[in-house]
Amino acid sequence: MSTLPRKIGAEAIAEKGWLAAHKWLILRRVSQLGILAVFLAGPLLGLWIVKGNLNYSYTLGVLPLADPYVLLQSMLSGMLPEVLAIAGAGIVVVFYMLVGGRAYCAWVCPVNLVADGASLIRRHLGLRGGAHLPRTTRYWMLAMTLTVTVLTGTLAWEMLNPVSMLHRGLIFGMGMGWVVIVAVFLFDLFVVERGWCGHVCPTGAFYSLIGRASMLRMHLPRRDACNNCMDCYAVCPEYQVIKPALKAVDGAPPVILDAQCVNCGRCIDVCSKDVFAFGTRFGLSRNAGAQSQQPIEDARGGVS
Amino acid sequence: MSTSPHPDTAGRRRFIAETARMACGVGMIGVGLGLYARHAAALPPAAIRPPGALPEEQFSSACIRCGLCVRDCPYDILHLAKPQDPMATGTPYFVARQAPCEMCETIPCIKACPTAALDHALKEINKAKMGLAVLVAQETCLNFLGLRCDICYRVCPVIDKAITLDPQTNVRTGHHTMFIPVVHSEHCTGCGKCEKSCPTEVAAIKVFPLYMAKGQLSAHYRLGWVEKEKAGGSLVAPDIEHRYHTPEGMRYEYGKGLSTVNPSEAASGAPAQGPTVKALKGDKL
């Protein structure tokens, strides 16, 4: 591998064209910014499609959506919510059980934009590595926030939580919340690569637990076509999830089953060999197409 | 242990070391977070919660900081606390001097609340207890200065119940009446209209959270006149009749002084309406 930072996805752009090599990234930005725009349309334009924020929102007076993690904290501190909030949390839990819990991180959470920004600058400046922090830190954080909630009897984490602070701040007024967001940005930029979303955030940890058995998974229908360009590793925010499925470690099937995968689809974008595709937990996706049936069987054959 | 440890032992060691590191590192953050949360648990004096808000400790755990009450307030008086505010971040409040609660009959903020943070059992806005108005500045209250400002009394949505005007002699002039605004806690909703409307530079009447504004008698205190009414009469044994030691054939009456006793009266004994009789009948002595 050359020491100079190579442009990630250069091969894919040459092979598939810029648009196809950025398809999922663009869709994801549309989703993230679209959700923000719908929330902002009310206070800015008077167009009240949805009221509230990511903790709890009410869409068109019919659809309640609640963050199950925040609601769990409220219940742990001894308070029972009203029916709408329980229904809202139920809808969200079922949804992320199907599409992969951490799809929230990649497609909804506004902090992802901050983290991706830090990541982009890191790549441009050639900043590598940083302090070592285990990826399991987030589960410790999750346990800690729930414990502190029980001990103090108040939603302690909500006073600092950058996820709700950024989203609520953008819609209701940021105040000094910027400080926390800038801290997250600098932490990601200089201290730990993919530090917040990839190591610390308890919201992501909570959604990863919800999505452990989710239906929507990243498939590798053409994993034998991999030319080891390493672009998927370089672009993946949770690159440790790729190897087992790509390299058939311990006979792993060509599906990413790790709950840390955020289903962002950037690996599909940057791969010039079309190794990746969205699919279900069990079967092949339609994306994979008929021509990719053969390589999969080849790959499985190679393993057994 | 001079020999290199068994691979299993090494793995176990690494696991224990990592667990300890995480538990201690994240635990420290937890301690800081917990202390910070306790600090911000009390509500600052100027911040009033929306109608139906539970007591602060329960409120800050029931509220999920969604801002739906803020959105459904037709008068836009509610704000969500920002991180620098000395209260739980993201929780709703209003500042009476800026914009008081307009006391909507339908209480849309409570209807919007997806949790029990705002008590859905509250159906009458006049029963709300957002705070309590206190006339804090007797030195600058215009009515206390002898004027007929009366604004707080006039704007009160629960007029003549939550605020009454009690006439008192103006001892400065000697022949005027001062109409003193008196807040009655059982009727005051804490909406803050009085504070908002007070015409002085700094409001003489202010709304505070209940825990700050309301006093409480010790549990063993009894109000004599209330107990007397309940019992239907004086609870203490009637005082023995007071007797003046006057010269024989003389008597003393308050305001009249000494006088000679009428011989026929002296024969009939004690006067018919003595204090003992009054006390036994339950009258004020």
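For clarity, every value in this text was computed on a predicted model and none was experimentally measured.

Trainee: Please clarify how the sheet that holds strand β4 (residues 216-219) of chain A should be interpreted in this entry.
Mentor: Hydrogen bonding along the main chain pairs the strands of a sheet, whether they run parallel or antiparallel. Residues and elements named next belong to chain A. Read from one edge to the other, the open sheet built from three strands follows the order β5-β4-β6, with strand pairing classed as antiparallel. Either end of the sheet is taken by a strand with one partner, and the two such strands are β5 (255-256) and β6 (277-280). When β4 meets β6, the two strands line up antiparallel, connected through four bridges. Directly across from Leu216, in β6, lies its bridge partner Thr280.

Trainee: When you look at the pairing of strand β1 (residues 50-53) of chain A in this model, what are you seeing that I'm missing?
Mentor: Residue and element names in this part refer to chain A. In the sheet, β1 pairs with strand β2 (residues 56-59) via four bridges, with the strands oriented antiparallel. Bridge pairing links Gly52 to Ser57 in β2. Where β1 folds back on β2, the antiparallel hairpin that results is connected by two residues.

Trainee: I would appreciate a short explanation of the interface of chain A and chain B in the present structure.
Mentor: A common measure of how large an interface is: the accessible area buried when the components associate. Listed as interface residues are 48 residues of chain A and, on the opposing side, 36 residues of chain B. Among the secondary structure elements, those contributing two or more residues to the side of chain A that touches chain B are β1, β2, β3 (63-66), α3 (68-76), α4 (83-99), α7 (137-152), α8 (162-172) and α9 (177-191) of chain A. Per-element tally for the side of chain A that touches chain B: the top contributor is α7(A), with eight residues. Tallied by class, the residues present in the side of chain A that touches chain B amount to 26 nonpolar, 18 polar and four charged.

Trainee: Please clarify how the environment of Val262(A) should be interpreted in this entry.
Mentor: All names here are of chain A. Topologically, Val262 is positioned in the loop between β5 and α14 (266-270). Classification of Val262 by C-beta neighbours within 10 Å gives buried; the count is 29. Sequence separation between Val262 and Gly117 is 145 residues; the distance between their C-alpha atoms is 17 Å. Ignoring any residue separated from it by four or fewer positions in sequence, one finds Val262 in contact with Arg102, Ala103, Cys105, Ala106, Pro237 and Glu238.

Trainee: Hey, could you run me through the sheet that holds β3(A) in this one?
Mentor: All names here are of chain A. In space, the three strands of this open sheet follow the order β1-β2-β3, with antiparallel pairing throughout. For this open sheet the edge positions go to β1 and β3, each flanked by a neighbour on one side alone. Each adjacent strand pair in this sheet contributes to an overall mean axis angle of 10°, direction not counted.

Trainee: What is the right way to read α7(A) from this model?
Mentor: An α-helix turns once every 3.6 residues. As a result, residues three or four positions apart point the same way. Residue and element names in this part refer to chain A. Over its 16 residues, α7 extends 22 Å from the first C-alpha to the last, a length consistent with the 22 Å expected when each residue adds 1.5 Å. Listed in full, the buried residues belonging to α7 are Thr137, Arg138, Trp140, Met141, Leu142, Met144, Thr145, Val148, Thr149 and Thr152. Immediately downstream of α7, the backbone of Gly153 shows phi near 65°, a positive value.

Trainee: Looking at this model, I keep getting lost on the domain arrangement of chain A. Mind explaining?
Mentor: Residues and elements named next belong to chain A. Assigned domains of chain A: these are domain 1 (10-17 + 215-303) and domain 2 (67-210). Each of domain 1 and domain 2 has a C-alpha centre, and these two points are 27 Å apart. Contacts between the two partners involve twelve residues from domain 1 and, on the opposite side, 13 residues from domain 2. Grouping the amino acids of the side of domain 1 that touches domain 2 by side-chain chemistry returns seven nonpolar, three polar and two charged.

Trainee: I keep staring at the nonpolar core and nothing clicks. Help me out?
Mentor: Generally speaking, a soluble globular protein has its nonpolar side chains buried in company with each other. Ranked by internal contacts, the top residues of the largest apolar core, which has 129 residues, are Val111(A), Cys267(A), Cys69(B) and Cys109(B). Aside from chain neighbours lying at most four places away, what touches Cys267(A) is Met218(A), Cys232(A), Val235(A), Cys236(A), Ile242(A) and Phe276(A).

Trainee: Looking at this structure, I do not really get the domain arrangement of chain B. What am I missing?
Mentor: All names here are of chain B. As far as domains go, chain B holds domain 1 (37-127), domain 2 (131-216) and domain 3 (232-280). In this structure, domain 1 and domain 2 have C-alpha centres spaced 24 Å apart. The interface of domain 1 with domain 2 comprises nine residues on the first partner and 15 residues on the second.

Trainee: Explanation requested: helix α6 (residues 111-125) of chain A in the structure shown.
Mentor: Residue and element names in this part refer to chain A. With 15 residues, α6 extends 21 Å between its outermost C-alpha atoms, agreeing within 8% with the 21 Å of an ideal straight helix rising 1.5 Å per residue. Inspection of α6 places Val111, Asn112, Val114, Ala115, Asp116, Ala118 and Ser119 among the buried residues, and these make up the whole buried set. Of the surrounding secondary structure, the elements contacted by the buried residues of α6 are α2 (23-45), α5 (103-107), α8, α9 and α10 (195-200). Among the residues trailing α6, Gly126 stands out with phi positive, at a value near 70°.

Cut-offs and rules
Residues numbered from 1 in each chain as written. Chains lettered and ligands numbered in written order. Predicted model: local features only at pLDDT ≥ 70, side-chain atom pairs only at ≥ 80, totals over all residues. Pairing = 2+ DSSP bridges. Helix = DSSP H or I, 4+ residues; strand = E, 2+ residues; numbered from the N terminus. Contact = placed C-beta atoms within 7 Å. Nonpolar A, V, L, I, M, F, W, Y, C, P; charged D, E, K, R; others polar. Buried ≥ 20, exposed ≤ 12 C-beta atoms within 10 Å, placed from the backbone. Axes fitted to C-alpha atoms, helices over the stretch in contact; angles between N-to-C directions. Expected span 1.5 Å × (residues − 1). Domains from an automatic or database assignment. Core = buried A, V, L, I, M, F, W, Y, C linked by C-beta atoms within 7 Å.

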